[in-house]
Amino acid sequence: MILIAAASEPELLIADEPTTALDVTVQAQILELVDRLKGEMGMSVLLITHDMGVVAERSSRIAVMYAGRIVESGPTASVLARPLHPYTEGLLDAVPRPGTRGTRLRTIEGSPPGLFTQTAPCAFAPRCRYRKPECDAARPPLREIEPGHEVACHFAPNLGLKGAS
Ligand code: SF4
């Protein structure tokens, strides 16, 4: 499928969960193929995935989406080292790390809104542990907080997120 998509020599290849349900060996082969095609053809790749390891290894920029909207975007290293949106922080806290054996991973309470559910101005608010009354007054715009690093949260970067390193 990837080769068929690349046959027309696109400037942008959109790979939607290309490694889901694959074992790690095949996953590595697929990602190496995408990398090779990218280099040979000079195309950009938009990789859609839930795998934070793949994100950390393979991307130069990351956009975190919640309820159909980008809530944080920026250089991968910057977002992973210093997440500024509570949802990004929650995703990273749910990733097992060396040295955390025997400890409970933090989860994000609640569930994402349904496709046709009327959401709060900030769609993440019902699940956000930093929610304040102001969060329900207006939809948080995507703002540049530091060069190239944008966040849609009224209180970023002043929430004191512990984030992940
Ligand atoms: S705007 Fe408020 S509810 Fe939404 S992510 Fe930021 S702190 Fe949480």
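Values in this document were obtained by computation on a predicted structure and should not be read as measured data. (Residues numbered from 1 in each chain as written. Predicted model: local features only at pLDDT ≥ 70, side-chain atom pairs only at ≥ 80, totals over all residues. Heavy atoms only, no water.)

Side note on the sheet that holds strand β3 (residues 61-66)
Reading across the sheet, the 4 strands line up as β3-β4-β6-β5 and stay open at both edges, with antiparallel pairing between neighbours. Each edge of the open sheet carries a strand with a single partner, namely β3 and β5 (143-146). Taking the axes of each pair of neighbouring strands and ignoring which way they run, one obtains an average angle of 30° across the sheet. Two strands pair when backbone bridges link them, and β5 and strand β6 (residues 149-151) are joined in this way by 3 bridges, in the antiparallel orientation. Across the sheet, residue E146 finds its bridge partner in β6, namely H149. Sitting on the sheet, helix α5 (residues 86-93) is in contact with β3 and β4 (69-75), with an inclination near 105° to β3. (Pairing = 2+ DSSP bridges. Helix = DSSP H or I, 4+ residues; strand = E, 2+ residues; numbered from the N terminus. Axes fitted to C-alpha atoms, helices over the stretch in contact; angles between N-to-C directions. Contact = heavy atoms within 4.5 Å.)

Overview of the domain arrangement of the protein chain
As assigned here, the protein chain comprises domain 1 (1-59) and domain 2 (61-97 + 106-165). Averaged C-alpha coordinates put domain 1 and domain 2 at centres separated by 25 Å. Between domain 1 and domain 2, the residue contacts involve 4 residues of the former and 6 residues of the latter. Buried area between domain 1 and domain 2, summed over both chains or domains, comes out near 430 Å², and the portion from carbon and sulfur atoms is 82%. On the domain 1 side of the contact with domain 2, M52, V55 and S59 bury the most area, a combined 88% of that side's loss. Connecting domain 1 to domain 2 are 0 salt bridges. Connecting domain 1 to domain 2 are 1 residue pair in polar contact (both at pLDDT 80 or more). Here the residues of the side of domain 1 that touches domain 2 are counted per class, giving 3 nonpolar, 1 polar and no charged. (Domains from an automatic or database assignment. Buried area = accessible area lost by both parts, 1.4 Å probe. Salt bridge = Lys/Arg side-chain N within 4 Å of Asp/Glu carboxyl O. Polar contact = N/O pair within 3.5 Å; in protein donor to acceptor, adjacent residues only side chain to side chain. Nonpolar A, V, L, I, M, F, W, Y, C, P; charged D, E, K, R; others polar.)

Re the side chain of R127
Residue position: R127 is located in the loop between α5 and β5. E109 provides the closest opposite charge to the buried, unpaired R127, separated from it by 8.2 Å. Among the polar contacts listed, one links the side chain of R127 to the side chain of Y66, at a separation of 3.2 Å. Leaving out residues up to four positions away in the same chain, R127 has contacts with Y66, I108, E109, G110, S111 and P112. (Buried < 20%, exposed > 50% of the residue type's maximum accessible area, 1.4 Å probe, protein only. Lys, Arg positive; Asp, Glu negative; His and termini not counted.)

Some thoughts on the nonpolar core
Core analysis: the largest hydrophobic core is formed by 23 residues, its most contacted members being I62, Y87, F124, C153 and L159. Contributing elements (two or more residues each) for this core: α3 (52-58), β3, α4 (76-81) and α5. Look past the residues within four positions of C153 in its chain and what remains in contact with it is H85, P86, P140, P141, R143 and L159. If you look at the next biggest cluster of nonpolar residues, it comprises 7 residues, including A6, V34, L37 and M43. (Core = buried A, V, L, I, M, F, W, Y, C linked by side-chain atoms within 4.5 Å.)

As for the pairing of strand β1 (residues 12-16)
Of the two faces of β1, the one holding L13 and A15 is buried and the one holding L12, I14 and D16 is not buried anywhere. The pairing of β1 with strand β2 (residues 44-48) spans 5 bridges and is parallel. Considered in β2, the bridge of I14 is made with L46. Handedness of the β-α-β unit built from β1, helix α2 (residues 24-41) and β2 comes out right-handed. (Right-handed = clockwise from strand over helix to strand, strands pointing away.)

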